Amino acid sequence: MMELSAYRDIFIEELNDQLERMDQSLLTLEQSPSSELIQVLFRAAHTIKGSSSTMAFREMSDLTHEVEYALEWVREKKPEITAILIDTLFSALDAMKKLRSQYISGEAYDDCSSVVSEIKALINKPAEQEPVRPPVLSAAESLKVEEATAAGEQILMIGVSLKEDCQMKAARHFILLQRIEDVCGSVIAASLSPGEVVDKDEDSRYGRFAVVVATSKEPQLIQSQLEGDSDVQTLAITSFESGETAGGEIATTEVPANMPQSGPSAEERVKGNQPTVRVSVERLDHLMNLVGELLIDQTSLADLKTTGIRNDPAKALQSISGVSDHMGSVIKELQEGVMKTRMLPIDQLFSRFPRMVRDLAQKLGKDIELVVQGGETELDRMIIEELSDPLIHLIRNSADHGIESHEVRASKGKPAKGRITLSSFHEENNVVISLADDGQGIDAGNIKASALRKGIISEDQAAHLTPLQALHLIFEPGFSTASEVSDVSGRGVGMDIVRSQIGRLNGIIDIDTETGKGSTFTIRLPLTLAIIKGLLVKVSGRVLILPMYNIAEIVRIHPEEIQTIQGEQAIINHGRIVPFSWLRDKLHYPRVERSSKTISIVIVRSVDKISAFAVDEILGNQEVVIKTLGTMLGTLNHLSGATILGNGRVAIILDASYLVSH
């Protein structure tokens, strides 16, 4: 028996690709119907059905068989591509995605009978009879199976379905039994026995039957010799242990009949959840060449160590310097190459959202299009995975609160179809993601008033808020302007998740809005979280690191510039009030004596918040490799990791998001 778990990762990866292809093709089909897209969908469904059957994933195989049947009907009958047709296919696709998730997690599978009923109702497909079941063998028949197996023969099951218009099915059943015996050599058992036919209903029982045979012939040869009967609808040959294969396909992989169908084992689930990244062979070849250069440099250093220093120390020292410089260059290039292997085009994330916007538009009764730009922009796989939820909440917010109804847009002279634009591009060492809509914009006054009503801010705080600060209140937990709770919004959750998750990614978010024109949310993120450029500072004798992409500015001030505003310390930076604190106090470090008359200030920004922290000394910046701290230290929210400096000392890396929020 083939060990199916060895192919589990490959199966899941292919399944993800094919489901994504079907999702995108259905969206395109809805806008621009074409026979080519129907063919793409059919091929994807057929591929999923075949691979699922091989992996003993019967639930997915059966459902996809129905989808394939529906697509074949569309391909042959060429009906109008209606909204009902698209919605039904999307429902089936959603059920397939749910089954995929349950397969990976090992949960019990959903009952997909309602989806199958929708498909059959759509294409007026007649209800099918029960699938062909293997015959129940008697003790004597089981003995025949053992004897045939010992003699080196194959035990096959031949499933036959006769056409509905076949006359005298019982007689045709008897003739086919004789023919199967002539072709195969030995019939061991059959699911039906010829008998006296009383009426038409009794005759219909013989329309579907299964025969177990022992034979030395290959299934393909048997198939070719038995095909051609004008009354046969389908003829499927499978290994007897593997059960029935729909559509007359030959199963060449044995799968035990008692294999559990509730999902993979816990060990397999863990294995199947391991993340993978596809890397081009060109990139791997480049990395291999760089490793080769490092090996050459290593050989050169070993040679200089053993003979060079002894023969001519001065010349050896010069050579070592040259080799060291070359190694530094190669290591830098190797670092960049390895980082690129972690990169994925952000389109892998963006491609999920057109379907979501379509469904949101239907639910809200609005006409909305999503325009996606810059999908080729590459970003670290880990960041892409973490970005999904924040972007989902931003898109839902734009669709529900931003884009107006048909009537309101018409009254404002706007196009009936609202537009949400999702784009991305590189900017220096960052990736910028922009989500813009042409809706009604955000009124800072309404935001402030709503926050007051909900007790998120006090009257005194509201009086000192700038319009920009008022806009950022939408990120506060529990904030919402929705008048009623719906499936889309109104529960006071969502935008606070955006801020917290962008903060965990060391990102920054800005809002630009104009009432009546629309809003733009701009997210800036580091390319990767594995290697960062950090600012090294000294606090109470300790070397700490702050991510450079969270550093808005480094300044020096005199102690008298520190002010007390509303009972809290702050400084004025470029005309804005910035909360101030000593980093040593924030981290509960002891105070040390200071000799300088000025204070070094690091202004840190995370998401939409900003704070100023005083440090003892600015040491400079350098690239550092982030190492996780593990679980031994417990929960230390103010730390995002640690690194090893050039002198071998360990330095901790601070979490900017936590510092500015607490």
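Residues numbered from 1 in each chain as written. Predicted model: local features only at pLDDT ≥ 70, side-chain atom pairs only at ≥ 80, totals over all residues. Heavy atoms only, no water.

Draft legend 1. Spatial organisation of the overall build of the protein. Looking only at helices and strands, one finds 22 helices and 22 strands in the protein. Taking all 662 residues of the protein together, the buried fraction comes to 42%. For the protein, the share of sequence-separated contacts (at least 6 apart) that also reach a separation of at least 24 residues comes to 70%. On the protein, roughly 34500 Å² of surface is accessible, and the fraction owed to carbon and sulfur atoms is 51%. (Helix = DSSP H or I, 4+ residues; strand = E, 2+ residues; numbered from the N terminus. Buried < 20%, exposed > 50% of the residue type's maximum accessible area, 1.4 Å probe, protein only. Contact = heavy atoms within 4.5 Å. Areas by Shrake-Rupley, 256 points an atom, 1.4 Å probe, with all protein chains shown as cover.)

Draft legend 2. Molecular detail of helix α17 (residues 444-453). Regarding α17, the residues found buried are Ala444, Ile447, Ser450 and Ala451. Down the axis of α17, the smallest arc covering the buried residues is 125 degrees, so these residues share one side. Structural note: α17 exposes Asn446 and Arg453 on the side pointing more than 90 degrees away from its buried face. Buried positions along α17 lie against α19 (467-471). Between the side-chain oxygen at the start of α17 and the backbone nitrogen of Gly445 there is a gap of 2.8 Å, and the oxygen is on Asp443. Gly455 occupies a position one or two residues after α17 and carries a positive phi of about 75 degrees. (Arc of directions from axis to C-beta. Polar contact = N/O pair within 3.5 Å; in protein donor to acceptor, adjacent residues only side chain to side chain.)

Draft legend 3. Region of the structure containing the sheet that holds strand β8 (residues 418-427). Spatial ordering of the open sheet is given by β6-β8-β9-β11-β10, a layout of five strands whose pairing is mixed. The open sheet has two edge strands with one neighbour each: β6 (368-373) and β10 (508-514). In this sheet, neighbouring strand axes are inclined to one another by 15 degrees on average, regardless of whether the strands run parallel or antiparallel. (Pairing = 2+ DSSP bridges. Axes fitted to C-alpha atoms, helices over the stretch in contact; angles between N-to-C directions.)

Draft legend 4. Seen up close, the nonpolar core. Ranked by size, the top nonpolar core spans 47 residues in total, and within it Phe353, Leu387, Leu391, Ile433, Ile474 and Phe521 carry the most contacts. Ranked by residue count, the leading element in this core is helix α15 (residues 381-402), at seven residues. In contact with Ile474, other than residues within four places in its own chain, are Ile442, Ile447, Phe479, Met495, Ile511 and Phe521. One finds Ile12, Phe57, Leu99 and Val115 within the second-largest nonpolar core, a separate group that totals 40 residues. (Core = buried A, V, L, I, M, F, W, Y, C linked by side-chain atoms within 4.5 Å.)

Draft legend 5. Unusual backbone geometry, seen in detail. One non-glycine residue, Lys78, lies in the positive phi region at around 50 degrees. Structurally, Lys78 is set in the loop between α3 (58-77) and α4 (83-105). Judged by its relative accessible area of 64%, Lys78 falls in the exposed class. One non-glycine residue, Ser540, lies in the positive phi region at around 50 degrees. Within the element layout of this structure, Ser540 appears in the loop between β12 (531-539) and β13 (542-547).

Draft legend 6. The arrangement of helix α2 (residues 35-54) in detail. With 20 residues, α2 should reach 28 Å at 1.5 Å per residue; the first-to-last C-alpha distance of 29 Å fits that figure. What α2 keeps buried is the set Leu37, Ile38, Leu41, Phe42, Ala44, Ala45, Ile48, Lys49, Ser51 and Ser52. Packing partners of the buried residues in α2 comprise α1 (8-31), α3 and α4. Just downstream of α2, Ala56 is the residue with a positive phi angle, here 60 degrees. (Expected span 1.5 Å × (residues − 1).)

Draft legend 7. Looking closely at the sheet that holds strand β21 (residues 639-644). As summarised here, the arrangement of the five strands in space is β20-β12-β13-β22-β21, forming an open sheet in which the pairing is mixed. Strand pairing shows two members of the sheet lacking a second neighbour, β20 (617-625) and β21, which therefore form its edges. In this sheet, neighbouring strand axes are inclined to one another by 35 degrees on average, regardless of whether the strands run parallel or antiparallel. Judged from the two bridges that link them, β13 and strand β22 (residues 650-654) form a sheet pairing that is parallel. In the sheet register, Leu544 faces β22, and the bridge partner there is Ile652.

Draft legend 8. Examining the packing of aromatic side chains more closely. Per the counting criterion, the structure on display carries five aromatic pairs. Ring geometry for Phe57 against Tyr103: centres 4.6 Å apart, planes inclined by 20 degrees, an arrangement best described as stacked. One end of the pair, Phe57, is in the loop between α2 and α3; the other, Tyr103, is in helix α4, with 46 residues separating them in the sequence. Summarising the burial analysis for this pair, Phe57 and Tyr103 share the class buried. Through pairs of rings, three or more aromatic residues link up here, namely Phe11, Phe57, Tyr103 and Tyr109. (Phe/Tyr/Trp six-rings, centres within 6.5 Å; stacked < 30°, edge-to-face > 60°.)

Draft legend 9. Here's a closer look at the packing of α4 against helix α5 (residues 113-123). α5 packs onto α4 with a crossing angle of 155 degrees between their chain directions and a minimal axis gap of 10 Å. The angle between α4 and α5 places the two elements in the roughly antiparallel class. Handedness of the α4/α5 crossing: left-handed. Seen from α4, the contacting residues are Ile84, Leu85, Thr88, Ser91, Ala92 and Ala95; seen from α5, they are Val115, Glu118, Ile119 and Leu122. Split into classes, the residues belonging to the contact of α4 with α5 amount to seven nonpolar, two polar and one charged. (Parallel < 35°, antiparallel > 145°, perpendicular 65-115°, else oblique. Left-handed = near helix turned anticlockwise from the far one by under 90°. Nonpolar A, V, L, I, M, F, W, Y, C, P; charged D, E, K, R; others polar.)

Draft legend 10. Quick peek at the confidence of the model for the protein. Mean pLDDT over the protein works out to 81, with 86% of the residues at or above the 70 mark. Mean pLDDT across the secondary structure elements of the protein bottoms out at helix α10 (residues 266-272), with 42, and peaks at β6, with 93. Every residue in residues 126-130 scores below 50 in pLDDT, and together they form six contacts with partners more than four places removed in sequence or on other chains. Here residues 194-200 is modelled with pLDDT under 50, and outside its nearest four sequence neighbours on either side it reaches eight contacts, counting other chains as well. (pLDDT = per-residue confidence, 0-100.)

Draft legend 11. Structural context of the pattern of salt bridges. Under the criterion given, the structure shown has 22 salt bridges. In this structure, the salt-bridge partner of Arg358 is Asp87, at a minimum N-O distance of 2.4 Å. In this pair, Arg358 sits in helix α14 (residues 353-364) while Asp87 sits in helix α4, placing the two residues 271 residues apart along the sequence. Relative accessible area serves as the criterion here: at 30%, Asp87 is assigned to the partly exposed category. Arg584 serves as the salt-bridge partner of Asp585, at 4.0 Å between the closest nitrogen and oxygen. Look at Asp585 and you get partly exposed, because its relative accessible area is 33%. (Salt bridge = Lys/Arg side-chain N within 4 Å of Asp/Glu carboxyl O.)

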